[in-house]
Amino acid sequence: MNFGEIVLSAFEAIVANKLRSLLTALGVIIGIAAVIAMMALGAGAQKSVSDRLKGLGTNVLTVRPGQAFSGGLGGQAALTVDDAEALADSPVAIAAVAPEMETRLQVEKGTKNANLSIVGTWPSYFEVNNHQLASGRLFTEAEDRGRRRVVVLGALVGQQLGTDSQALLGQEIRIRGITFEVVGVMAEKGAQGFSNPDESLYLPLATAQLRLIGQDRIRSIAVQAASDGQMTEAMAEIDRKLRREHRLRPGAEADFNIRDQASLLSTFQETAETFSFLLAGIAAISLIVGGIGIMNIMLVSVTERTREIGLRKALGARPSDILQQFLIESLVLCSAGGVLGIAVGVGGSLLLQNLAGWSVEVSIQSVMLAFIFAATVGVTFGLWPAKRAASLSPIEALRYE
């Protein structure tokens, strides 16, 4: 038999048992679809983290309150505007400083109201956190010093109040019953972890302290280093100035924490990558289970076609011809299952993206890897049944009932 006849015989055997062939390939289809979907979700998570890192900037440090110890007792330390002013005074490796305090309050416009995040900060906050203005203007340092009742809206605040954010520009809204003028609207930035800056309202820090929150403690201080290469110097400068401001003795434990956002997001990215490999591994196990199913069905096929094999050998078919025929059957089943699995996996990934809003990233490399894996499973798990068919004695095969 020539190779063309062998391939034709293999396809005829598959077509002759359509339902069994489909059920046999189903395990591979599910396995490949799972591999594609899991890798797409993992790659999407990594891309989302990378985009978030670019949005935050790699040279931003965050200072948060730590633990303060007095008389053997520990408690939450405090950061104040004085700390932020000390950091902004005569900076060396620091480019900008932005203190921040945040709470949730009731916001009203007409008959609509919503409980939204209120962020009190300095004008430098927007540059440090890479926020872009869509329309209007930002509040100024003079408005902060004068405790003016002005507010900048996140891109999606209007939706929470039953309108468009742009339509609120120049109008007045009420925050905890106090009237504020909308002077600007930010461009959409996207959710960041558990917070969404697009659904926040931004107002001068002094205004928030005096009129809304009623305290001088701030939640954190964002510090932008002069460059990526001066991060270490900026951290040392922050530590030195805050220790002096808090009157900490040399060697005493700091009552504040300095976090590098780039390192934090890098950890998140590594976690997402590990998680994606874990999911892909689970999906690969399901693909191996599908391969075992193919091997089982091929063994059954060899048993059912024992007399056919004996007849082919009696008519001159070589063991290698029988081996190739059964290997091709297994390979075709797995390859067809791989193609269908890729289609299901890509379609499922896009469905998750459109309906659930998940971030997915389907790459050509993952598709090629999945197909090669499917073909490998076909050859690997089809080899034993093929060898068993090739080793049958023609006389014994013809006697088989």
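Residues numbered from 1 in each chain as written. Predicted model: local features only at pLDDT ≥ 70, side-chain atom pairs only at ≥ 80, totals over all residues. Heavy atoms only, no water.

## Some remarks on the overall build of the protein
Then comes step 1: Scanning the protein from terminus to terminus reveals 13 helices and 14 strands.
Then comes step 2: Out of the 401 residues in the protein, the part that is buried amounts to 43%.
Then comes step 3: Sequence-distant contacts in the protein: of pairs separated by 6 or more residues, those separated by 24 or more amount to 78%. (Helix = DSSP H or I, 4+ residues; strand = E, 2+ residues; numbered from the N terminus. Buried < 20%, exposed > 50% of the residue type's maximum accessible area, 1.4 Å probe, protein only. Contact = heavy atoms within 4.5 Å.)

## Overview of the confidence of the model for the protein
Then comes step 1: Confidence along the protein averages 79 in pLDDT terms, with 78% of residues attaining 70 or more.
Then comes step 2: At the level of individual helices and strands, the protein shows its lowest average pLDDT in strand β3 (residues 73–76), which scores 51, and its highest in strand β8 (residues 150–153), which scores 96. (pLDDT = per-residue confidence, 0-100.)

## A look at the layout of surface pockets
Then comes step 1: Approximately 420 Å³ is the volume attributed to the second largest pocket.
Then comes step 2: Lining the second largest pocket are 19 residues; nearest its centre among them are Val-81, Glu-85, Trp-122, Asp-144 and Arg-145.
Then comes step 3: Of all the elements in the fold, those that place two or more residues in the lining of the second largest pocket are α3 (81–88), β5 (94–109), α5 (141–145) and α7 (205–213).
Then comes step 4: In terms of residue class, the lining of the second largest pocket is made up of 12 nonpolar, 2 polar and 5 charged. (1 Å grid on protein atoms, 1.4 Å probe; cavity = no way out; pocket = protein on both sides within 12 Å on 5 of 7 lines; lining within 4 Å. Points joined across faces, edges and corners; volume = space filled by probe spheres on them. Nonpolar A, V, L, I, M, F, W, Y, C, P; charged D, E, K, R; others polar.)

## A few points about the environment of Gly-177
Then comes step 1: For Gly-177, the location among the structural elements is in the loop between β9 (172–175) and β10 (178–186).
Then comes step 2: When the C-alpha atoms of Gly-177 and Gln-106 are compared, they prove to be 8.2 Å apart, with 71 residues separating the residues in sequence.

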